[in-house]
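# A closer look at the structure
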Amino acid sequence: MPIEEAGQQFPYSLLRPNRTDWMPARSFAVVPREKGYRVQSAEEPWLGGVYDIFEKGGTWVIVKQNLDRDMTEALQNADKTMSLTYVDGPWEKVRLPDRIMAVFQAGGEENKLLLTYKTDDNQAVTLELVGNAVKEELVKLAEAYVGE
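The notes below deal with the structure included here. Given the structure is predicted, the values throughout are model-derived calculations rather than measurements.

## Let's talk about helix H3 (residues 135–146)
The first and last C-alpha atoms of H3 sit 17 Å apart over 12 residues, in line with the 16 Å expected at 1.5 Å per residue. Restricting attention to buried positions, one finds in H3 the residues Leu138, Val139, Leu141, Ala142, Ala144, Tyr145 and Val146. Looking at the residues trailing H3, positive phi occurs at Gly147, about 70°.

The structure is reproduced here in structure tokens:
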């Protein structure tokens, strides 16, 4: 679905990139199954989210964002706690402002930056940036989404 429609379907204000020399080559959204929309494959219900695809020269990045419901519940309910475990190799903590938690994983042909952003209304939005861009480019692009 187009981004304009997605803004009305998702339970948070979509994060859009600004202050960047990269503009998405393509953007679209997949509304989660519980909202009444069908995902292409029944085996992959995790596809729900907003996707931006960036390309510049030979560099590419795919940014997926979605509401982290468990983290949001923990932010809004003082009695709830949670812990996070990152698997699939060594992750490096990335230093960003207090409202943001981020980890980076370098890969052979693909690097990953996972970021959780606390919004003004105590919701947790996750951004997953995957691509062949270097760490500094991924961090700069993520900062363009969260306005930091």
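## Overview of the pattern of salt bridges
Enumeration over the complete set of coordinates arrives at 2 salt bridges. Notably, a salt bridge pairs Asp52 with Arg16, separated by 2.8 Å at the nearest N-O pair. Linking Asp52 in strand S2 (residues 49–56) with Arg16 in the loop between helix H1 (3–9) and strand S1 (26–30), this pair joins segments that are 36 residues apart in sequence. Using a relative accessible area of 0% as the deciding quantity, one classes Asp52 as buried. A salt bridge links Asp21 to Lys56, with the shortest nitrogen-to-oxygen separation between them at 3.2 Å. Remark: Lys56 occurs in strand S2 and Asp21 occurs in the loop between H1 and S1; sequence separation between them is 35 residues. On the basis of relative accessible area, Asp21 is assigned to the exposed category, the value being 55%. Taking relative accessible area as the criterion, Lys56 reaches 35% and is therefore assigned partly exposed.

## Thoughts on the packing of aromatic side chains
Scanning all chains against the criterion turns up 3 aromatic pairs. Taking 5.2 Å as the distance between ring centres and 15° as the angle between the ring planes, the aromatic pair formed by Phe28 and Tyr51 counts as stacked. Of this pair, Phe28 sits in strand S1 while Tyr51 sits in strand S2; the two residues are 23 residues apart in sequence, bridging distant segments of the chain. Tyr51 sits in the buried class, given a relative accessible area of 12%. Taking the centre distance of 6.4 Å and the plane angle of 80° together, the rings of Phe54 and Tyr145 count as edge-to-face. Of the two residues, Phe54 sits in strand S2 while Tyr145 sits in helix H3, which places them 91 residues apart along the sequence.

Rules and cut-offs
- Residues numbered from 1 in each chain as written.
- Predicted model: local features only at pLDDT ≥ 70, side-chain atom pairs only at ≥ 80, totals over all residues.
- Heavy atoms only, no water.
- Helix = DSSP H or I, 4+ residues; strand = E, 2+ residues; numbered from the N terminus.
- Expected span 1.5 Å × (residues − 1).
- Buried < 20%, exposed > 50% of the residue type's maximum accessible area, 1.4 Å probe, protein only.
- Salt bridge = Lys/Arg side-chain N within 4 Å of Asp/Glu carboxyl O.
- Phe/Tyr/Trp six-rings, centres within 6.5 Å; stacked < 30°, edge-to-face > 60°.

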